[in-house]
Amino acid sequence: FDTSALLNFGHRGELTVLLKRLAGECRIVTTSSAKAELTDPKRKKFYAEFLREHFTIQDAATTPFDLATLSRLSRAIDPGEMTILMLAAEIKGTAVLDDKAARREAKILGLKLTGTVGLLHRELQRTWLTDSECLARVAQLCNTGFAIHRPAAGQTFADYFAKLD
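Residues numbered from 1 in each chain as written. Predicted model: local features only at pLDDT ≥ 70, side-chain atom pairs only at ≥ 80, totals over all residues. Heavy atoms only, no water.

A. Seen up close, helix H6 (residues 79–91). In a regular helix each residue adds 1.5 Å, so 13 residues correspond to 18 Å; H6 covers 18 Å between its end C-alpha atoms and thus fits that length. Within H6, ten of the 13 residues are buried, leaving the element largely enclosed by the surrounding structure. Looking at the packing, one finds that the buried side of H6 touches strand S1 (29–30), helix H3 (32–36), helix H5 (67–76), strand S3 (94–96) and helix H7 (100–108). Measuring from the side-chain oxygen of the N-cap residue of H6 to the backbone nitrogen of Gly80 gives 3.0 Å; that N-cap residue is Asp78. Where H6 terminates, the next one or two residues include Lys92, which has phi positive at roughly 55°. (Helix = DSSP H or I, 4+ residues; strand = E, 2+ residues; numbered from the N terminus. Expected span 1.5 Å × (residues − 1). Buried < 20%, exposed > 50% of the residue type's maximum accessible area, 1.4 Å probe, protein only. Contact = heavy atoms within 4.5 Å. Polar contact = N/O pair within 3.5 Å; in protein donor to acceptor, adjacent residues only side chain to side chain.)

B. Summary view of the environment of Leu97. Mapping Leu97 onto the fold places it in the loop between S3 and H7. Taking the relative accessible area as the measure of exposure, Leu97 reaches 0% and is therefore buried. Beyond its immediate chain neighbours, meaning those up to four positions away, Leu97 contacts Asp2, Glu81, Ile84, Leu85, Ala102, Arg103, Ala106, Leu113, Thr114 and Gly115.

C. Local environment of the packing of aromatic side chains. Per the stated rule, a full pass over the model turns up eight aromatic pairs. Consider the rings of Phe1 and Phe55, whose centres lie 5.1 Å apart with planes at 80°: the pair is edge-to-face. Of this pair, Phe1 sits in the segment before helix H1 (3–12) while Phe55 is found in the loop between helix H4 (44–54) and strand S2 (56–57), placing the two residues 54 residues apart along the sequence. Taking the relative accessible area as the measure of exposure, Phe1 reaches 8% and is therefore buried. Its relative accessible area of 8% is what places Phe55 among the buried residues. Centre to centre, the rings of Phe50 and Phe55 are 5.5 Å apart; their planes meet at 50°, and the pair counts as tilted. Relative accessible area serves as the criterion here: at 3%, Phe50 is assigned to the buried category. One aromatic cluster in this structure is built from Phe1, Phe9, Phe46, Tyr47, Phe50 and Phe55. Directly above the aromatic system of Trp128 lies the positively charged group of Arg126, at a separation of 5.6 Å from the ring centroid. (Phe/Tyr/Trp six-rings, centres within 6.5 Å; stacked < 30°, edge-to-face > 60°. Lys NZ or Arg CZ within 6 Å of the ring centre and 35° of its normal.)

D. Spatial organisation of the packing of helix H8 (residues 116–125) against helix H9 (residues 131–143). The interhelical angle for the contact between H8 and H9, taken along N-to-C directions, is 165°, at an axis separation of 9 Å. In this view, H8 runs roughly antiparallel relative to H9, as classed from their interaxial angle. In this structure, the crossing between H8 and H9 has a hand that is right-handed. In this structure, H8 contributes Thr116, Leu120 and Leu124 to the contact, and H9 contributes Asp131, Cys134, Arg137, Val138 and Leu141. (Axes fitted to C-alpha atoms, helices over the stretch in contact; angles between N-to-C directions. Parallel < 35°, antiparallel > 145°, perpendicular 65-115°, else oblique. Left-handed = near helix turned anticlockwise from the far one by under 90°.)

E. View of unusual backbone geometry. Even without glycine at this site, Glu14 takes up a positive phi of about 50°. Among the secondary structure elements, Glu14 is positioned in the loop between H1 and helix H2 (16–23). One non-glycine residue with positive phi stands out, namely Lys92, at about 55°. Locating Lys92 in the fold gives a position in the loop between H6 and S3. The exposure class assigned to Lys92 is exposed, which follows from its relative accessible area of 64%.

Following this line, the structure appears as C-alpha cells:
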C-alpha cells in the first residue's frame with residue numbers, strides 16, 4: 001500500500017473493515033518510507049494504531065531494478081511509491097497505488113497493480129459490498145480529499161470502475 005491508499009483505507013474512506021477481510025486472503029504490507037509520509041500530527045495516534053493492527057512494515061531487502069530504472073523512478077515518483085514498487089517486485093506482490101505516475105511506472109515494470117477503487121471492485125466481486133455501498137465509499141473518498149472523479153448520476157459502480165484508467 002502506498003501512502004494514498006493508506007490514507008484512503010484510513011481516515012479518508014474508513015475502509016478498515018475491508019482490510020480485515022483482505023487480511024484473510026493475503027498479507028498486507030507497506031514500507032517504512034510510505035509510513036513516514038503519514039505526517040499529520042492530528043492523526044499520528046490513529047495511524048500508529050491503524051498500521052500496527054493491519055499492516056506489516058517491510059522494506060525491500062535488495063534493489064530489484066537497475067541503475068537506469070532507479071534513476072527514472074526517482075525523477076517520476078516520490079520515495080514512498082518507489083519503495084512500494086521495489087518491494088512489490090521483490091516479493092512478487094501486488095502494488096496498491098493510486099498516483100497516476102506511480103501506476104504508469106508499475107505498468108512499465110510489469111508489476112501486478114491495483115488501487116483503492118480496484119480493491120473496492122474486488123469487494124464487489126466477492127459480494128462483500130454492494131454496488132451502492134461501493135459508490136457511497138467513492139463519494140466519501142471524494143468528499144475527504146481523494147482526487148478522483150465522482151460517479152455520474154445513475155451510474156453503477158461496475159460501469160464507473162470500467163471507465164477508470
